[in-house]
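Descriptive structure summary
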Amino acid sequence: QVQLVESGGGEVQAGGSLRLSCVWSGRIHTTNLLGWYRQIPGKERELVAIERSDGRTVYGNSVKGRFTISSDDNKGTLYLQMNSLKPEDTAMYYCAAGDRGGYDDYAPNEIRYWGKGTPVTVSS
């Protein structure tokens, strides 16, 4: 099994920055994708950023140029650096890991493991 624990969420003013962290444990070597998704109540969970085992990264259209995904294998930690935050970035942010042989569009239903989430609130 894989365990994912997020931290770093909080409240920030529009234009500010936050860095989210996700510590992994367990059989992470069985996965081939690590990433971040977010969800607003009443809306579907959506892709924020993912990093494949081959190093390829994919970002959601709404965060391109503002967010950066990275990882530190020595620390067993995935990061999401969020800059130029907007009120519409307010959501619960989830760390995620996948183990599929292939992906169609990195939709949430293609993800195997989820953290419990860390909330981000951006005030105007």
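Once that is clear, we can look at the nonpolar core. Within the largest apolar cluster, 26 residues are counted, with the highest numbers of intra-cluster contacts made by Trp 36, Val 48, Phe 67, Leu 78, Leu 80, Met 82 and Tyr 93. Listed by contribution, the elements that provide at least two residues to this core are β1 (2-7), β3 (18-26), β4 (33-39), β5 (46-52), β7 (67-72), β8 (77-82), β9 (91-98) and β11 (118-123). Contact partners of Phe 67, with chain neighbours within four places excluded, come to Arg 38, Val 48, Tyr 59, Leu 80, Gln 81, Met 82, Asn 83, Leu 85, Asp 89 and Tyr 93. Leu 33, Tyr 37, Ala 96 and Ile 111 belong to the second largest nonpolar core, which has nine residues in total.

Where two aromatic rings form a pair, the distance of their centres and the angle of their planes describe that pair. One pass over the structure, following the stated rule, counts three aromatic pairs. Relative to Trp 114, the ring of Tyr 37 has its centre 5.2 Å away and its plane inclined at 75°; by these criteria the two rings are edge-to-face. Taken as a pair, Tyr 37 in strand β4 and Trp 114 in strand β10 (residues 113-114) lie far apart in primary sequence, 77 residues in all. With relative accessibility at 0%, the residue Tyr 37 sits in the buried group. When the centroid spacing of 6.3 Å and the interplanar angle of 85° are considered together, the rings of Tyr 94 and Trp 114 count as edge-to-face. Linking Tyr 94 in strand β9 with Trp 114 in strand β10, this pair joins segments that are 20 residues apart in sequence. For Tyr 94, a relative accessible area of 13% translates into the label buried.

For the coordinates displayed, the defined rule picks out one disulfide. Here Cys 22 connects covalently by a disulfide to Cys 95, the sulfurs 2.1 Å from one another. Across the S-S bond of Cys 22 and Cys 95 the torsion is about -85°, and the bridge reads as left-handed. Note that Cys 22 is positioned in strand β3 and Cys 95 in strand β9, a separation of 73 residues in sequence. By relative accessible area, which is 0% here, Cys 22 ends up buried.

Turning our attention to the layout of surface pockets. One simple way to see leftover space: roll a probe sized like a water molecule over the atoms. Taken as a whole, the largest pocket holds about 230 Å³ of empty space. Lining of the largest pocket is provided by 13 residues; of these, Trp 24, Leu 34, Ser 53, Ser 71 and Asp 73 occupy positions nearest its centre. Elements that contribute at least two residues to the lining of the largest pocket include exactly β4 and β5. For the lining of the largest pocket, a count of residues per class yields four nonpolar, six polar and three charged.

Rules used in this analysis
- Residues numbered from 1 in each chain as written.
- Predicted model: local features only at pLDDT ≥ 70, side-chain atom pairs only at ≥ 80, totals over all residues.
- Heavy atoms only, no water.
- Core = buried A, V, L, I, M, F, W, Y, C linked by side-chain atoms within 4.5 Å.
- Buried < 20%, exposed > 50% of the residue type's maximum accessible area, 1.4 Å probe, protein only.
- Helix = DSSP H or I, 4+ residues; strand = E, 2+ residues; numbered from the N terminus.
- Contact = heavy atoms within 4.5 Å.
- Phe/Tyr/Trp six-rings, centres within 6.5 Å; stacked < 30°, edge-to-face > 60°.
- Disulfide = S-S within 2.5 Å.
- 1 Å grid on protein atoms, 1.4 Å probe; cavity = no way out; pocket = protein on both sides within 12 Å on 5 of 7 lines; lining within 4 Å.
- Points joined across faces, edges and corners; volume = space filled by probe spheres on them.
- Nonpolar A, V, L, I, M, F, W, Y, C, P; charged D, E, K, R; others polar.

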